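Now for the letters of each chain:
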Amino acid sequence: MSPTDTHPLSSLELARYSRHILLEEIGVAGQQKLKNAKVLVIGAGGLGSPAALYLAAAGVGTIGLADFDKVELHNLQRQIIHGQSDVGRPKIESAKDTLTEINPHVKLQFHDEGLQPHNAIALFSQYDIIVDGTDNFATRYLNNDAAYLAGKPLVYGSIFKFEGQASFFHPKASGPCYRCLFPEPPPPGSVPNCGEAGVMGALCGIVGSIQSMETIKYITGIGENLSGKLLFIDTLNMGFKTLKLKKDPHCPLCGEKPTYTSIEAENYQETCETKLESPNNTSIKNEMNESPIEIDVTTTKAKLAEGESILIDVREQYEREICSIDGSVHIPMGEIPARLNELPKDKEILVHCHHGGRSLRVVQFLRQNGFTRSTNVAGGIDSWATQIDSSLQRY
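Just so it is clear, the model here is predicted, and its values are computed rather than measured.

Asker: Teacher, can you tell me more about the overall build of the protein chain here?
Answerer: Counting secondary structure elements, the protein chain contains 14 helices and 13 strands. Relative to the compact-globule value of 21 Å for 395 residues, the protein chain shows a C-alpha radius of gyration of 23 Å, a close match. On the protein chain, roughly 18,600 Å² of surface is accessible, and the fraction owed to carbon and sulfur atoms is 52%. Side chains of the protein chain give 37 positive and 47 negative charges; the mean places of these two sets differ by 4 Å.

Asker: What am I meant to see in the sheet that holds strand E10 (residues 309-313) here?
Answerer: Consider a sheet: its strands pair through backbone hydrogen bonds, and that pairing is either parallel or antiparallel. Across the sheet, five strands lie side by side as E9-E13-E12-E10-E11; this open sheet has parallel pairing. Across the chains shown, the open sheet's two edge strands, defined by having one partner strand only, are strand E9 (294-295) and strand E11 (329-330). Relative to strand E13 (residues 374-377), strand E12 (residues 348-352) runs parallel, the two sharing three bridges. Its bridge partner being in E13, Ile-349 is matched across the sheet by Ser-374. Together, E9, E10, E12 and E13 form the strand contacts of helix H11 (residues 297-306), whose direction differs from that of E10 by roughly 125 degrees.

Asker: Hey, could you run me through unusual backbone geometry in this one?
Answerer: As a rule of thumb, non-glycine residues mostly have phi less than zero, and peptide bonds are mostly trans rather than cis. For Ser-174, which is not glycine, the phi torsion reads 75 degrees and is therefore positive. As for its placement among the helices and strands, Ser-174 is situated in the loop between strand E6 (163-169) and helix H8 (178-181). Take Ser-174: its relative accessible area is 61%, and that puts it in the exposed class. Of note, Met-238 is a non-glycine position whose phi angle comes to about 50 degrees, a positive value. Turning to its location among the elements, Met-238 is positioned in the loop between strand E7 (229-234) and strand E8 (239-244).

Asker: Would you mind going over the environment of Tyr-17 with me for this structure?
Answerer: As for its position among the elements, Tyr-17 is in the loop between helix H1 (11-16) and helix H2 (18-21). On the basis of relative accessibility, which here comes to 4%, the residue Tyr-17 falls in the buried class. Considering only alpha carbons, one finds Tyr-17 and Val-362, 345 residues apart in sequence, at a separation of 55 Å. Beyond its immediate chain neighbours, meaning those up to four positions away, Tyr-17 contacts Gln-31, Ala-57, Ala-58, Gly-59, Asn-103 and His-105.

Asker: What is the right way to look at the pattern of salt bridges in this model?
Answerer: Two side chains of opposite charge can pair, provided their charged atoms sit close to one another. Counted under the stated rule, the structure contains 15 salt bridges. Its salt-bridge partner being Arg-339, residue Glu-342 comes within 2.9 Å of it at the nearest N-O pair. For Arg-339, a relative accessible area of 21% corresponds to the partly exposed category. Salt bridges sharing common partners tie together Glu-72, Asp-382 and Arg-394.

Asker: Would you take a moment to explain the packing of aromatic side chains for this structure?
Answerer: Geometrically, a pair of aromatic rings is defined through the distance of the ring centres and the angle of the planes. Under the counting rule described, the total for this entry stands at six aromatic pairs. Relative to Tyr-178, the ring of Tyr-156 has its centre 5.2 Å away and its plane inclined at 45 degrees; by these criteria the two rings are tilted. Remark: Tyr-178 occurs in helix H8 and Tyr-156 occurs in strand E5 (residues 154-160); sequence separation between them is 22 residues. Across the pair, exposure class does not vary: Tyr-156 and Tyr-178 are buried alike.

Asker: Hey, could you run me through the pairing of E7 in this one?
Answerer: Consecutive side chains of a regular strand alternate in pointing toward one face of the sheet and then the other. With four bridges connecting them, E6 and E7 associate as antiparallel partners. Looking across to E7, one finds that Gly-164 is bridged to Ile-233. For E7 and E8, the ladder comprises six bridges, and the chain directions are antiparallel. The residue bridging Asp-234 from the neighbouring strand is Gly-239, located in E8. Connecting E7 to the antiparallel partner E8 that follows it, the hairpin turn spans four residues, and Met-238 within it adopts a positive phi of roughly 50 degrees.

Here is what the cut-offs are and how they apply
- Residues numbered from 1 in each chain as written.
- Predicted model: local features only at pLDDT ≥ 70, side-chain atom pairs only at ≥ 80, totals over all residues.
- Heavy atoms only, no water.
- Helix = DSSP H or I, 4+ residues; strand = E, 2+ residues; numbered from the N terminus.
- Rg over C-alpha atoms; globule rule 2.2 N^0.38 Å.
- Areas by Shrake-Rupley, 256 points an atom, 1.4 Å probe, with all protein chains shown as cover.
- Lys, Arg positive; Asp, Glu negative; His and termini not counted.
- Charge placed at Lys NZ, Arg CZ, Asp CG, Glu CD.
- Pairing = 2+ DSSP bridges.
- Contact = heavy atoms within 4.5 Å.
- Axes fitted to C-alpha atoms, helices over the stretch in contact; angles between N-to-C directions.
- Buried < 20%, exposed > 50% of the residue type's maximum accessible area, 1.4 Å probe, protein only.
- Salt bridge = Lys/Arg side-chain N within 4 Å of Asp/Glu carboxyl O.
- Phe/Tyr/Trp six-rings, centres within 6.5 Å; stacked < 30°, edge-to-face > 60°.

These figures capture arrangement, not role.
Rendered as structure tokens:
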């Protein structure tokens, strides 16, 4: 990147960034580049929090933050840009207060609609580089595709339990993109999200910091970035491994014959929850009867009110202590095989967990063992808390 004409660094800024300026790779010229830069961070969560904090502290002149969510109690374990008093506030409002306190010299721009298919390319075009702080496949692919079509570099990061990944995608500079690595998202429900599998909070700080470092290096033009590389981080055993990535000539986005040439909303449907639906948007039916393999929480509530169904909670005991649905029967997922004799033969069995991933696997197991009238509750107790009973504590 080359600096554009802006106001020079003030004496206060020279003092604030003096430790940067002492680095011969940065100097005053590099710090000026940071001041001139515009960076968009997608998501003010686990990755976006540390990334935005360090970018603000580094003196990036304009930081955009796209997020439509509110702060919840379970966020505070890893989303360090928010605090206890922020619970219930929009994340961008909480982030604004924190980032302003970190560095009042930074111009902040907020996009409270978040990233959407209809605004992605136009939004990305306003910035020099994009930081992907999202936690689901649908938005991750949207970020990748929009960045490519807008001609912008994308700093990728992801987390799972104790493991993280990071890379730098800039196909316009002849590097690979995310679809070169993963051409299409996995089937819904096949990969648990952090709400189902858990995540080490400090891991978010490591990966988010790497993303901010990659961004700073790109802006200032120093060092080697992760383009053409995928960095694996194993914090449980504290190991780092880098794999080489190649641009895929058959990539559906940046290959020789691309099939993704524009942003179409239907290509970016949410896949975090286990929504198994047919093309005409009706629930998939079991071949032997009329029980759908999955229903939403509103339908679940109606079925329970009829008294012909039983609701099985397959979460762990500690999760029940956080919140539970009145009338549900608790059988942890790991105990299901040994307790099949406790399940009724004369009622439809509705199964729920936290978000729907574990319960879907239980339903599949139950059907294989003769319980054909078993159905998954899509979105689990989290959807129940947001759509049916807001008094339940989300986690």
